[in-house]
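Overview (structure and organization)
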Amino acid sequence: MNKQAQLYEGKAKKVFATENPEMYIVSYKDDATAFNGEKKGTIVGKGAINNRMSNMLMKMLEKNGVPTHLIEELNDRETLVKKVSIVPLEVIVRNISAGSFSKRYGVKEGIVFAEPTFEFSYKNDDLGDPLLNDSHALALGLATSEEIATIRNMALTVNKLLKEYFLKLNITLVDFKLEFGRLTDGTIVLADEISPDTCRFWDKDTGEKLDKDRFRRDLGNVEDAYQEVMRRLTEGN
Ligand code: TMP
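Summary of the structure given here. (Residues numbered from 1 in each chain as written. Predicted model: local features only at pLDDT ≥ 70, side-chain atom pairs only at ≥ 80, totals over all residues. Heavy atoms only, no water.)

What about the overall build of the chain?
Note the threshold: Helix numbers and strand numbers start at the N terminus; a helix is a DSSP run of H or I with at least 4 residues, a strand a run of E with at least 2. A radius of gyration in this sense is built from C-alpha atoms; the matching globule rule multiplies 2.2 Å by the number of residues raised to 0.38. The cut-offs for exposure are 20% and 50% of the maximum accessible area for each residue type, with area from a 1.4 Å probe on protein chains only; residues under the lower value are buried, those over the upper are exposed, and the others partly exposed. For this analysis, residues touch if any pair of their heavy atoms sits within 4.5 Å.
From N to C terminus, the chain includes six helices and 14 strands. Relative to the globule expectation of 18 Å for 237 residues, the C-alpha radius of gyration of the chain, 17 Å, shows essentially globular dimensions. If you line up the chain on its principal axes, its C-alpha atoms span 50 × 40 × 35 Å. When each of the 237 residues of the chain is scored for burial, the buried share is 52%. Counted over contacts in the chain with a minimum sequence separation of 6, partners at least 24 positions apart contribute 56%.

What follows is the structure in C-alpha cells.
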C-alpha cells in the first residue's frame, strides 16, 4: 500500500490517503510539543518508537477484545490503519494524581485513586483542549450518548489491560489519553496512538518518569526514557 495525498498533519503524526478509500497511512514524527504547541522540540527516534510501541499495545488490546484502527505496521515510522473520523474528544483515564489533575485540584502528584477517574477534553487546539463533561459533549454534538457510553466502557477496559500489562514490565501506568474514531459504518474503534507521548509511565521501584513529562518539564534523558520503555516492552514479549 502506498501513500497518496497528505490529508492531515498533526503535532506528532501525518496522515495520508492510500489507493484504498477505507485505509489511511499514519507516519510518526520525531517532533514533540507541549503546552498546546507553545514548547517545541525534537525527540530523536521518537517516531519509530511510538509507532512500534503503539502497534504492540493495540495488538494486545485487539487480542483482548478492544477494536482498534490498526491494520499493519509498514515500516519504522508508518502504519496502515482503518480510515476513521476522529471523535473530537480527548479521553483521559487516571489511576494516580499527576499533571493537570494535580494542578487543577491543588493536590500533590502520586495519590493512588481507589477507582480510576475518567474525563473528556474537547479536542480543539484553538481553545486549548478545554475540559468538558458528557452533557457538554452532547450539547456540542461531538458524540451521541450511545457513543459516549461505548467510549467510556472501552477506555476503562483499556485501562485495566494496560495497567496489568505495564505492571509486568515494572512500570506504573499513572494516566493516559486515548482518542476514538468512527469507521465508515459508525463503529467506534480506538485510534490515534498509545505511547510515552500519551501516557504517564513511572518506574515501579524508583518512581522515575519514563514518558513525555521529561520533555515537558525539562528533566533531561528524554530519548533514554522512551528507549527504556521500548526495551522493557520488547524484552517482555
Ligand atoms: P494532563 O495531566 O496534562 O491532563 O495529561 C493527562 C494524560 O494525557 C497524560 O498521560 C498525558 C496525556 N496528554 C496527551 O496525550 N496529550 C495532551 O495534549 C495532554 C495535555 C495530555
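Points about the sheet that holds strand β6 (residues 70-73)
What counts is decided by this rule: Any two strands are treated as partners once DSSP identifies two or more bridges connecting them. For helices, the fitted axis covers only the stretch in contact; all axes are lines through C-alpha atoms, and the angles between them, taken along N-to-C directions, range from 0 to 180 degrees.
An order of β1-β2-β3-β7-β6 is seen for the five strands of this open sheet, with the pairing classed as antiparallel. A single partner strand is all that each edge strand has here, and the edge strands are β1 (6-9) and β6. Between one strand axis and the next, the sheet turns by 25° as a mean value, whatever way the strands run. As paired elements, strand β2 (residues 13-17) and strand β3 (residues 23-28) share five bridges and run antiparallel to each other. Bridge pairing in β3 links A17 to Y24. Sheet contacts for helix α1 (residues 46-63): β3, β6 and β7 (78-82); angle to β6, the most-contacted strand, approximately 130°.

Section: the pairing of strand β9 (residues 89-96)
Judged by how many residues are buried, β9 sits mostly within the fold: eight of eight residues are covered. When β9 meets strand β10 (residues 112-122), the two strands line up antiparallel, connected through seven bridges. Bridging from a neighbouring strand, I92 pairs with E119 of β10. Sheet analysis places β9 next to strand β12 (residues 171-182), joined by four bridges and oriented antiparallel. Within β12, the position partnered with V93 by the bridge is F176.

Side note on the pattern of salt bridges
Put simply, the rule reads: We count a salt bridge whenever a side-chain nitrogen from Lys or Arg sits within 4 Å of a carboxyl oxygen from Asp or Glu.
Counting across every chain of the model gives 26 salt bridges. D218 is the salt-bridge partner of K39, the closest N and O atoms lying 2.6 Å from each other. Of this pair, K39 sits in strand β5 (residues 39-42) while D218 sits in the loop between α5 (213-216) and α6 (222-235), placing them 179 residues apart in sequence. R94 is paired through a salt bridge with E119; the nearest N and O atoms lie 2.8 Å apart. Taken together, the residues R94 in strand β9 and E119 in strand β10 connect sequence positions 25 residues apart. Per residue, the accessibility class of R94 equals that of E119, and both read buried. Among the charged side chains, a salt-bridge network with shared partners connects R94, E109, E119, D175, R200, K209, D213, R216 and R217.

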